[in-house]
Amino acid sequence: MQIIPPRRAADCGRVSMLASVVDAREATLCLEGGVDVIDCKDPSRGALGAVTPEAARAIVETVGGRVPVSATIGDHPCEVGPIVEATLQAAATGVDYVKTGFLPGGDAAEVVRALGGLRGETGKAQIVGVLFADASPDFELVAEMAAAGFAGVVLDTANKSDGALPDVLAVDQLEHFVEIARAHEMFCGLAGSLRTRHIPALVRLAPDLIGFRGALCRENARTGSLDLRAVAEIRDAIAKAEKIETDLMMSKAEELAREERAS
Ligand SMILES: O=C[C@H](O)COP(=O)(O)O
């Protein structure tokens, strides 16, 4: 089960919606709401809080292969031991992707290389690196991740009470991140306290996915319960933004064709 492979999202304008869920009930609600990727996460335990292995297995079973399932491993210090152990534990639950965050401090490149050395030990699970826009992200790490065989990379925020991703990094920096991921043939995701109002500018960057938790909950309380209407609102906002982008591309193509015929 694959998230849209690199380049196709940019070519066909299809941006996947990722929703972070705490249990099988929320996973079912997200499937009903048309979510493209189910992300196992316990928001009460941090930016990349991990659910229990039992909860992750229950989510995988409930989703039943209908969409890709990812799991976060927790906000570990950037050290080989804890991150490798947590990554293997998450991979053993049957998810398609394990999202591994890189907080500042420690030798992130060493950790990436250690994770690359796990090839074959993570079963079907592929590793996705998560960089934190509000914690001095090193975009040079994307090349290391690609060399280590990571499937993708996500730019998220660590501090969920200090603004959204576009408040932390300017759009041209977000665009640069997407371009770097594409250049290394990895899928890329954008996340971090995102709301409906952020969607048009982010869809314009054509990431492969945009991730949400807080916006999907009642009163945007990320540790609260998911709300089907909020899920549908975000789903519709992505579809609307994609249609605008597609129509814009079509009209530009028609204008170019007219100019060529006239020349
Ligand atoms: O990957 C998903 C994001 O971490 C969503 O969480 P957030 O919307 O609360 O930032």
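Residues numbered from 1 in each chain as written. Predicted model: local features only at pLDDT ≥ 70, side-chain atom pairs only at ≥ 80, totals over all residues. Heavy atoms only, no water.

Novice: Would you explain the overall build of the chain in this entry?
Specialist: Across its full length, the chain holds ten helices and eight strands. The C-alpha radius of gyration of the chain comes to 18 Å, within 12% of the 18 Å expected for a compact globule of 263 residues. Overall size of the chain, expressed as C-alpha extent along the three principal axes, is 65 × 40 × 35 Å. When each of the 263 residues of the chain is scored for burial, the buried share is 53%. (Helix = DSSP H or I, 4+ residues; strand = E, 2+ residues; numbered from the N terminus. Rg over C-alpha atoms; globule rule 2.2 N^0.38 Å. Buried < 20%, exposed > 50% of the residue type's maximum accessible area, 1.4 Å probe, protein only.)

Novice: How do you make sense of the nonpolar core when you look at a structure like this?
Specialist: One recurring pattern in soluble globular proteins: nonpolar side chains tend to sit buried together. Counting 74 residues, the largest nonpolar core has Ile-38, Phe-102, Leu-131, Leu-155, Phe-177 and Phe-212 as its most contacted members. Excluding residues that lie within four positions of it along the chain, Phe-102 makes contacts with Cys-78, Ala-108, Val-111, Val-112, Leu-115, Gly-129, Val-130, Leu-131, Phe-132, Leu-141, Met-145 and Phe-150. Residues Leu-48, Val-128, Phe-132 and Leu-209 belong to the second largest nonpolar core, which totals 14 residues. (Core = buried A, V, L, I, M, F, W, Y, C linked by side-chain atoms within 4.5 Å. Contact = heavy atoms within 4.5 Å.)

Novice: Where do I start with the site of the ligand in this structure?
Specialist: In the vicinity of the ligand there are 13 residues, among which Lys-41, Asp-156, Lys-160, Ser-193 and Arg-222 approach most closely. Lys-160 places a polar side-chain atom, nitrogen or oxygen, 2.7 Å from an oxygen atom of the ligand. Measuring from an oxygen atom of the ligand, one finds a backbone N or O atom of Arg-213 at 2.9 Å. Residue composition of the shell around the ligand, grouped by class: three nonpolar, four polar and six charged. (Near = heavy atom within 4 Å. Polar contact = N/O pair within 3.5 Å; in protein donor to acceptor, adjacent residues only side chain to side chain. Nonpolar A, V, L, I, M, F, W, Y, C, P; charged D, E, K, R; others polar.)

Novice: What exactly am I supposed to notice about helix 3 (residues 53-63) here?
Specialist: What sets the pattern is the α-helix's 3.6 residues per turn: residues three or four places apart point alike. Every buried residue of helix 3 is listed here: Ala-55, Ala-56, Ile-59, Val-60 and Val-63. One side of helix 3 carries all its buried residues, which in axial view fall inside an arc of 140°. In helix 3, the exposed residues that point more than 90 degrees away from the buried face are Glu-54 and Glu-61. Within two residues after helix 3, Gly-64 carries a phi angle of roughly 55°, on the positive side. (Arc of directions from axis to C-beta.)

Novice: How should the packing of aromatic side chains be read in this particular structure?
Specialist: Per the counting criterion, the structure on display carries two aromatic pairs. When the centroid spacing of 5.5 Å and the interplanar angle of 90° are considered together, the rings of Tyr-97 and Phe-187 count as edge-to-face. A residue pair is termed long-range when its members are at least 10 positions apart, and Tyr-97 in strand 4 (residues 97-102) and Phe-187 in strand 7 (residues 187-191) qualify at 90 residues. The same class applies to Tyr-97 and to Phe-187, which are both buried. Both rings, one in Phe-139 and one in Phe-177, keep their centres 5.4 Å apart while their planes meet at 50°; by these two values the pair is tilted. (Phe/Tyr/Trp six-rings, centres within 6.5 Å; stacked < 30°, edge-to-face > 60°.)

Novice: So what exactly am I meant to see when it comes to the pattern of salt bridges here?
Specialist: As a working rule, side chains carrying opposite charge can pair if their charged atoms are close by. Tallying each qualifying case throughout the model produces twelve salt bridges. Close ionic contact of Glu-245 with Arg-204 constitutes a salt bridge, the shortest N to O distance being 3.2 Å. With Glu-245 in helix 10 (residues 228-262) and Arg-204 in the loop between helix 9 (199-203) and strand 8 (209-212), the pair connects residues that are 41 residues apart, well separated along the chain. (Salt bridge = Lys/Arg side-chain N within 4 Å of Asp/Glu carboxyl O.)

Novice: It is not clear to me how the packing of helix 2 (residues 24-32) against helix 3 should be interpreted in this structure. Could you clarify?
Specialist: When two helices pack together, their arrangement is captured by the angle between the axes and the distance separating the axes. Packing of helix 2 against helix 3 leaves a shortest axis separation of 8 Å and a crossing angle of 30°. In terms of orientation, helix 2 lies roughly parallel with respect to helix 3. In this structure, helix 2 crosses over helix 3, and the sense of that crossing is right-handed. When helix 2 is examined against helix 3, the residues Ala-24, Ala-27, Thr-28 and Leu-31 are found in contact with a partner set consisting of Ala-58, Ile-59, Thr-62 and Val-63. A breakdown of the residues in the contact of helix 2 with helix 3 according to their chemical character gives six nonpolar, two polar and no charged. (Axes fitted to C-alpha atoms, helices over the stretch in contact; angles between N-to-C directions. Parallel < 35°, antiparallel > 145°, perpendicular 65-115°, else oblique. Left-handed = near helix turned anticlockwise from the far one by under 90°.)

Novice: I keep staring at the confidence of the model for the chain and nothing clicks. Help me out?
Specialist: Scored by pLDDT, the chain comes out at a mean of 93, with 95% of its residues at no less than 70. When the criterion is pLDDT under 50, residues 5-11 qualifies, and its contacts beyond four places in sequence or with other chains add up to 17 contacts. Here the predicted complex carries an ipTM of 0.96, next to a pTM of 0.93. (pLDDT = per-residue confidence, 0-100.)

Novice: Please explain the sheet that holds strand 1 (residues 16-21) as it appears in this structure.
Specialist: In a beta sheet, neighbouring strands pair by backbone hydrogen bonds and run either parallel or antiparallel. Strand order around the closed barrel formed by eight strands is 1-2-3-4-5-6-7-8, with parallel pairing between neighbours. Neighbour to neighbour, the strand axes of the sheet diverge by 25° on average, direction disregarded. Sheet topology places strand 3 (residues 69-72) next to strand 4; three bridges connect them, and they run parallel. Looking at strand 4, one finds that Ala-71 is bridged to Val-98. Strands strand 1 and strand 8 of the sheet are contacted by helix 10, whose axis makes an angle of about 160° with strand 1. (Pairing = 2+ DSSP bridges.)

Novice: Explain the packing of helix 4 (residues 80-91) against helix 5 (residues 108-116) here, please?
Specialist: Axis separation between helix 4 and helix 5 bottoms out at 10 Å; the angle between their running directions is 35°. You can see that helix 4 and helix 5 cross each other, and the crossing is right-handed. In this structure, helix 4 contributes Val-80, Ile-83, Val-84 and Thr-87 to the contact, and helix 5 contributes Glu-110, Val-111, Ala-114 and Leu-115. Counted by class, the contact of helix 4 with helix 5 contains six nonpolar, one polar and one charged residues.

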